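Coordinate inspection notes
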Amino acid sequence: MTELNADTTRRAIVDHTRRLAESAAAAGPDAAVPTAPKWTVADLVAHVGQTQHWVAEIIERRITDPTQLPTEMAVLPADPREWPAWLAESGQRVASACSDEALEAPVFNAAGDGRSGGRFWMSSMLNEAVVHGFDAAGAANRPAEVEADVAAALIGNLFAMLTSPTWEMQRPESAHAIRGTGQTLQWRATDTADGWFVERRPDGATWEAGIRQADVTVSGPARSLLQVLTRRLPLADRETAGISVDGDTELAQHWLDNTAHASD
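So, a few notes on the structure that sits alongside this text. (Residues numbered from 1 in each chain as written. Predicted model: local features only at pLDDT ≥ 70, side-chain atom pairs only at ≥ 80, totals over all residues. Heavy atoms only, no water.)

1. Quick notes on the overall build of the protein
To be explicit about the condition: Numbering of helices and strands runs from the N terminus; a helix is a DSSP stretch of H or I covering at least four residues, while a strand is a stretch of E covering at least two. The atom set for the radius of gyration is the C-alpha atoms, and the globule formula is 2.2 Å times the number of residues raised to the power 0.38. Contacts are residue-level and defined by heavy atoms, with any inter-residue pair within 4.5 Å sufficient.
When you go through the protein residue by residue, the secondary structure sums to 11 helices and 5 strands. Rg of the C-alpha trace for the protein: 18 Å, near the compact-globule value of 18 Å for 264 residues, within the 12% margin. Principal axes of the C-alpha set define a box for the protein whose edges measure 50 × 40 × 30 Å. For the protein, long-range pairs separated by at least 24 residues make up 67% of all intrachain contacts whose partners lie at least 6 apart in sequence.

2. Quick notes on helix H2 (residues 41-60)
How we decide: Here a helix's expected span is defined as the number of its residues, less one, multiplied by 1.5 Å. Burial classification: accessible surface area is computed with a 1.4 Å probe over protein chains only, and a residue below 20% of its type maximum counts as buried, one above 50% as exposed, and the rest as partly exposed.
The terminal C-alpha atoms of H2 lie 28 Å apart, and with 20 residues this matches the ideal 28 Å at 1.5 Å per residue to within 8%. Within H2, 15 of the 20 residues are buried, which leaves the element mostly enclosed by the surrounding structure.

3. A short note on the packing of aromatic side chains
How two aromatic rings sit relative to each other is set out by the distance from centre to centre and by the angle between their planes. Heads up, the rule is: Classification of ring pairs rests on two measures: the distance between centres of Phe, Tyr or Trp rings, Trp counted by its six-membered ring, which must be within 6.5 Å, and the angle between planes, read as stacked under 30 degrees, edge-to-face over 60 and tilted in between. Our definition puts a charge over a ring when NZ of Lys or CZ of Arg is within 6 Å of the ring centre and also within 35 degrees of the ring normal.
Inspection of the entire model under this criterion finds 4 aromatic pairs. Measuring from ring centre to ring centre gives 4.7 Å for Phe 120 and Trp 121, while their planes differ by 65°; the resulting arrangement is edge-to-face. Accessibility assignment for this pair places Phe 120 and Trp 121 in one class, buried. One aromatic cluster in this structure is built from Trp 54, Phe 120 and Trp 121. Cation over ring: Arg 212 sits above Phe 197, and NZ or CZ is 4.2 Å from the ring centre.

4. A few points about the sheet that holds strand S3 (residues 204-209)
Heads up, the condition is: A pair of strands is considered paired only if DSSP assigns at least 2 bridges between the two. Working convention: axes come from line fits to C-alpha atoms, limited for helices to the stretch in contact. Angles between N-to-C directions cover 0 to 180 degrees.
Taken together, the 5 strands give an open sheet; going across it, the order is S3-S2-S1-S4-S5, and neighbouring strands pair in mixed fashion. Strands at the two margins of the open sheet, each flanked by one partner only, are S3 and strand S5 (244-247). Each strand axis lies, on average, 15° off the axis of its neighbour in the sheet, ignoring direction. Bridge analysis of strand S1 (residues 183-189) against strand S2 (residues 195-201) gives 6 bridges, and the strand direction is antiparallel. Paired with Gln 183 across the bridge in S2 is Arg 200.

5. Observations concerning the side chain of Asn 109
Within the secondary structure, Asn 109 sits in the loop between helix H4 (100-104) and helix H5 (117-139). On the accessibility criterion, Asn 109 (12% relative accessible area) is buried. Residues contacting Asn 109, with those up to four places away along its chain left out, are Arg 115, Ser 116, Gly 117 and Phe 120.

6. Quick word on the pairing of S2
Where burial is concerned, most of S2 is hidden: 5 out of the 7 residues are buried. Connecting S1 to the antiparallel partner S2 that follows it, the hairpin turn spans 5 residues. By the bridge criterion, 6 bridges tie S2 to S3 in an arrangement that is antiparallel. Within S3, the position partnered with Val 198 by the bridge is Trp 207. Hairpin connection from S2 to S3: 2 residues lie between these consecutive antiparallel strands.

7. What about the pattern of salt bridges?
Applicable threshold: Here a salt bridge means any side-chain nitrogen of Lys or Arg lying within 4 Å of a carboxyl oxygen belonging to Asp or Glu.
Tallying each qualifying case throughout the model produces 17 salt bridges. Between Asp 7 and Arg 10 there is a salt bridge; the shortest N-O distance is 2.6 Å. Here Arg 10 and Asp 7 lie together in helix H1 (residues 6-27), a separation of 3 residues that amounts to about one turn. Under the relative-accessibility criterion, Arg 10 is labelled buried at 14%. Residue Glu 60 pairs with Arg 93 through a salt bridge whose shortest N-O separation is 2.7 Å. Of this pair, Glu 60 sits in helix H2 while Arg 93 sits in helix H3 (residues 83-97), and the two are 33 residues apart along the sequence.

8. Side note on the side chain of Asn 157
Along the chain, Asn 157 falls in helix H6 (residues 148-162). Discounting residues that sit within four places of it in the chain, Asn 157 has contacts with Arg 115, Ser 123 and Asn 127.

9. Structural notes on the nonpolar core
Generally speaking, nonpolar side chains in soluble globular proteins are found buried as a group. Cut-off, in case you're wondering: Side-chain atoms within 4.5 Å are what join buried Ala, Val, Leu, Ile, Met, Phe, Trp, Tyr and Cys residues into a set we call a nonpolar core.
Counting residues in hydrophobic clusters, the biggest one holds 63 residues, and the most contacted among them are Phe 159, Trp 187, Val 218 and Trp 255. Of the residues forming this core, the biggest block, 10 residues, is contributed by H6. Those residues in contact with Trp 255, other than ones at most four positions away along the chain, are Phe 159, Leu 162, Ile 178, Leu 185, Trp 187, Val 198, Arg 200, Ala 205 and Leu 229. Core analysis: the second largest hydrophobic core is formed by 16 residues, Ala 24, Leu 44, Val 45 and Trp 86 among them.

Function cannot be inferred from these measures alone, as they are strictly geometric.
This is how it looks when you write it as structure tokens:
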């Protein structure tokens with residue numbers, strides 16, 4: 001399974017935050033965000049910058065107690081011309097906070113899984129920059145771009161989140177909906193060697209890296225799979241996404257319908 005090293009991840013956070021800022025500037029602050037219908041571009045920029053500053057503070061302060069999480073959010077500059085610099089600052093701040101030392105230090109992990117808190121937050125911040133970068137690109141009518149290895153790593157991160165202990169506590173309706181009686185889904189990247197095999201069990205969904213026979217197999221470039229899995233592209237739009245679906249399409253659609261992130 002594709003995994004990014006820390007240096008690559010830190011650079012990608014900064015780079016994709018910059019791309020998001022460029023798309024936001026091209027779209028304009030009042031533009032609607034098609035893939036996040038409740039948001040304007042101003043809302044999108046505020047969310048990403050504020051989240052990056054908030055997470056950076058968690059890591060910088062080595063917060064381990066969730067009751068001590070920051071309660072104040074950074075303020076979005078009133079002048080949209082200042083947004084690129086503001087986002088550059090927030091992206092660099094959170095990337096720098098994820099130092100090698102911080103990745104192994106005790107820090108609160110919101111997923112409650114086996115990763116260190118720093119590694120959890122670093123992956124989450126890359127996901128924020130990339131997926132909301134898709135949103136900003138759509139608002140500006142620009143193509144959504146992400147490197148295949150980055151997209152593949154984020155798909156693994158997505159499945160880790162959806163099967164984490166915290167997901168069931170925070171999103172019980174989703175966790176219940178993706179249980180099953182042994183139904184299987186295979187997601188396979190055609191531009192990397194990655195595959196993600198999901199089994200819906202009575203006690204919860206599980207996943208593992210690899211390629212196996214499944215009730216439905218969705219194949220395509222890692223970028224397209226990430227866009228479909230985060231509901232930035234519809235599964236039905238196979239030509240645009242460049243994907244193929246073999247097997248029980250309704251099973252794949254059911255998964256997508258019940259796994260949206262709270263921040264979507």
